[in-house]
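# Descriptive structure summary
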Amino acid sequence: MHDLQAWVFDLDGTLTLAQHDFAAIRRELGIPAEEDILEFIAARPLAEREQLSAELDAIEMRLANDVRAAPGAAELIRQLHESGRHIGILTRNLQQVARSSLEVIGVLDCFAPQHILGRAEALPKPDPDGIQQLLDSWSVTRAQAVMVGDFRFDLEAGRAAGCRTCLVHAENQWPELADWHVVDCRELMAQLTPP
């Protein structure tokens, strides 16, 4: 883990405290409980797709005002940035929401604007498109990279991209997909700090 040069992070639930109540968002948008929100919207006819996308964007912008840093997240990002590692964001949210969230938690200055990818800049996870874009822009091999997130889509995207994966969650629900498991960013930072 100490040798990894490229770190791709999910945002909500990883660097920020999870605040998206996906069941409530589905209800507000009229999306069936078992459906993935982005996949459902993408499959709708154009007019409905545009309307649902606009409503989802508004929900995310509203939630962005209440974002809070996950334990150790800001310190971890600063440490990686100051050590010269490549760091990027890959989120299924809007890029604008990601930028706002990173500003609120005090680390927006650690990220180059082109290294913050939302759903308009890359195919949504679990597709590896965003990870591949970032690795190409950094000229870094998959073996030097890790995808860090709190959900299986993050891990599946990392696996599909051929890089390492780190699950940040209280429980390791997907051991077959996670190379590493930590409870939070504080624990991850501790693993990176030499004894």
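Residues numbered from 1 in each chain as written. Predicted model: local features only at pLDDT ≥ 70, side-chain atom pairs only at ≥ 80, totals over all residues. Heavy atoms only, no water.

A few words on the pattern of salt bridges. Overall, the coordinates contain 11 salt bridges when judged by the stated rule. A salt bridge links Glu156 to Arg152, with the nearest nitrogen and oxygen atoms 3.2 Å apart. Here Glu156 pairs with Arg152, and both are found in helix 7 (residues 152-161), just four residues apart, close to one helical turn. In this structure, a network of salt bridges that share partners links the residues Asp10, Lys125 and Asp154. (Salt bridge = Lys/Arg side-chain N within 4 Å of Asp/Glu carboxyl O. Helix = DSSP H or I, 4+ residues; strand = E, 2+ residues; numbered from the N terminus.)

In terms of domains, the protein chain is made up of domain 1 (6-17 + 68-191) and domain 2 (22-66). For domain 1 versus domain 2, the separation of C-alpha centres amounts to 23 Å. Contacts between the two partners involve 10 residues from domain 1 and, on the opposite side, eight residues from domain 2. Between domain 1 and domain 2, a total of about 890 Å² is buried, with carbon and sulfur atoms accounting for 53% of that surface. Here domain 1 and domain 2 share three salt bridges between them. With a shortest N-O distance of 2.8 Å, Arg119 and Glu60 are connected by a salt bridge. Where domain 1 touches domain 2, the interface holds four residue pairs in polar contact (both at pLDDT 80 or more). With three residues, helix 5 (residues 95-104) is the largest single contributor of residues to the side of domain 1 that touches domain 2. Here the residues of the side of domain 1 that touches domain 2 sort into four nonpolar, three polar and three charged. (Domains from an automatic or database assignment. Contact = heavy atoms within 4.5 Å. Buried area = accessible area lost by both parts, 1.4 Å probe. Polar contact = N/O pair within 3.5 Å; in protein donor to acceptor, adjacent residues only side chain to side chain. Nonpolar A, V, L, I, M, F, W, Y, C, P; charged D, E, K, R; others polar.)

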